[in-house]
Amino acid sequence: QVQLVESGGGLVQVGGSLRLSCAVSGRTSRSYAMGWFRQAPGAEREFVAATTGTGGITYYEDSVKGRFTISRDSAANTVYLQMNSLSTEDTAVYYCAAALGGSFYYILSSDYSYWGQGTQVTVSS
């Protein structure tokens, strides 16, 4: 069993930055590919970023490329999402997720077996 706990969300102004953290417990995080998703009010959950078990390969949704960076600290069993140049369209609840099979990355929510509780990110204009 794997537990995921997100932190780092909050209120930020347009153009600002936030770093989300996802603490992984239960098994070594290298066994899992990790991803970040988000869900805005009234919208479906959407893919944001993903990385492989070692963090060597990353993949991003087009709207966040160049602004967001996913990374992982295996020693700390933590995955991060650095978010820069935030806009109001980034307002959402952000979820981290873990998928079995650390050799790959995944962009479909159905590929992920474990989810955190989510952390709210609000970008104000």
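See the structure shown above.
Here we look at the overall build of the protein chain
For step 1, the next point in the chain: Looking only at helices and strands, the protein chain features 0 helices and 11 strands.
For step 2, the next point in the chain: For 125 residues, the compact-globule formula gives about 14 Å, and the C-alpha radius of gyration of the protein chain, at 13 Å, lands near that figure.
For step 3, the next point in the chain: Along the first, second and third principal axes, the C-alpha set of the protein chain runs to 40 × 25 × 25 Å.
For step 4, the next point in the chain: Counting all 125 residues of the protein chain, 45% fall into the buried class.
For step 5, the next point in the chain: When the accessible surface of the protein chain is split by element, carbon and sulfur atoms take 48% of a total near 6,000 Å².

Quick word on the pairing of strand β11 (residues 119-124)
For step 1, the next point in the chain: Side chains of β11 alternate between two faces, with Thr-119, Val-121 and Val-123 buried and Gln-120, Thr-122 and Ser-124 left unburied.
For step 2, the next point in the chain: Bridge count between strand β2 (residues 10-13) and β11: 4 bridges; the pairing is parallel. Across the sheet, residue Val-12 finds its bridge partner in β11, namely Val-123.

Quick look at the packing of aromatic side chains
For step 1, the next point in the chain: Across all of its chains, the model carries 8 aromatic pairs by this definition.
For step 2, the next point in the chain: Seen in terms of ring centroids, Tyr-32 and Tyr-114 are 6.0 Å apart; in terms of plane orientation they differ by 85°. Their pairing is edge-to-face. One end of the pair, Tyr-32, is in strand β4 (residues 32-39); the other, Tyr-114, is in strand β10 (residues 114-115), with 82 residues separating them in the sequence. When sorted by exposure, Tyr-32 lands in the same class as Tyr-114, which is buried.
For step 3, the next point in the chain: Through pairs of rings, three or more aromatic residues link up here, namely Phe-37, Phe-47, Tyr-59, Tyr-105, Tyr-106, Tyr-112 and Trp-115.
For step 4, the next point in the chain: The cationic tip of Arg-45 hangs over the ring face of Tyr-95; the distance from NZ or CZ to the ring centre is 3.9 Å.
For step 5, the next point in the chain: Its guanidinium or amino end placed over the ring of Tyr-59, Lys-65 lies 5.9 Å from that ring's centre, counting from NZ or CZ.

Points about the environment of Asp-73
For step 1, the next point in the chain: Examined against the element boundaries, Asp-73 turns out to sit in strand β7 (residues 68-73).
For step 2, the next point in the chain: Along the primary structure Asp-73 and Gly-55 are separated by 18 residues, whereas in three dimensions their C-alpha atoms are 8.4 Å apart.

Some points on the sheet that holds β7
For step 1, the next point in the chain: As summarised here, the arrangement of the 4 strands in space is β1-β3-β8-β7, forming an open sheet in which the pairing is antiparallel. Each edge of the open sheet carries a strand with a single partner, namely β1 (3-7) and β7. Neighbour-to-neighbour, the strand axes of this sheet turn through a mean angle of 15°, independent of strand direction.
For step 2, the next point in the chain: Relative to strand β8 (residues 78-83), strand β3 (residues 18-25) is paired through 6 bridges, and the arrangement is antiparallel. If you follow Leu-20 over to β8, its bridge partner there is Leu-81.

A word on the side chain of Arg-72
For step 1, the next point in the chain: Checked against the element boundaries, Arg-72 lands in strand β7.
For step 2, the next point in the chain: One buried charged side chain, Arg-72, makes no salt bridge at all; its nearest oppositely charged neighbour is Asp-73, positioned 8.7 Å away.
For step 3, the next point in the chain: Polar side-chain contacts of Arg-72 include one of 3.1 Å to the backbone oxygen of Tyr-32.
For step 4, the next point in the chain: Of note is the side chain of Arg-72, whose polar atom sits 2.5 Å from the backbone oxygen of Thr-52.

Considering the pattern of salt bridges
For step 1, the next point in the chain: As enumerated under the stated definition, the model contains 4 salt bridges in all.
For step 2, the next point in the chain: Taking the shortest distance from any N to any O, the salt bridge between Asp-90 and Arg-38 comes out at 2.9 Å. You can see Asp-90 sitting in the loop between β8 and β9 (92-100) and its partner Arg-38 sitting in strand β4, a full 52 residues away along the chain.
For step 3, the next point in the chain: Of the charged contacts in the structure, one is a salt bridge between Asp-62 and Lys-65, with a shortest N-O distance of 3.0 Å.
For step 4, the next point in the chain: The exposure class of Asp-62 is exposed, given its relative accessible area of 57%.
For step 5, the next point in the chain: Residues joined by salt bridges that share partners form a network here, namely Arg-38, Glu-46, Arg-67 and Asp-90.

About the criteria used
Residues numbered from 1 in each chain as written. Predicted model: local features only at pLDDT ≥ 70, side-chain atom pairs only at ≥ 80, totals over all residues. Heavy atoms only, no water. Helix = DSSP H or I, 4+ residues; strand = E, 2+ residues; numbered from the N terminus. Rg over C-alpha atoms; globule rule 2.2 N^0.38 Å. Buried < 20%, exposed > 50% of the residue type's maximum accessible area, 1.4 Å probe, protein only. Areas by Shrake-Rupley, 256 points an atom, 1.4 Å probe, with all protein chains shown as cover. Pairing = 2+ DSSP bridges. Phe/Tyr/Trp six-rings, centres within 6.5 Å; stacked < 30°, edge-to-face > 60°. Lys NZ or Arg CZ within 6 Å of the ring centre and 35° of its normal. Axes fitted to C-alpha atoms, helices over the stretch in contact; angles between N-to-C directions. Lys, Arg positive; Asp, Glu negative; His and termini not counted. Salt bridge = Lys/Arg side-chain N within 4 Å of Asp/Glu carboxyl O. Polar contact = N/O pair within 3.5 Å; in protein donor to acceptor, adjacent residues only side chain to side chain.

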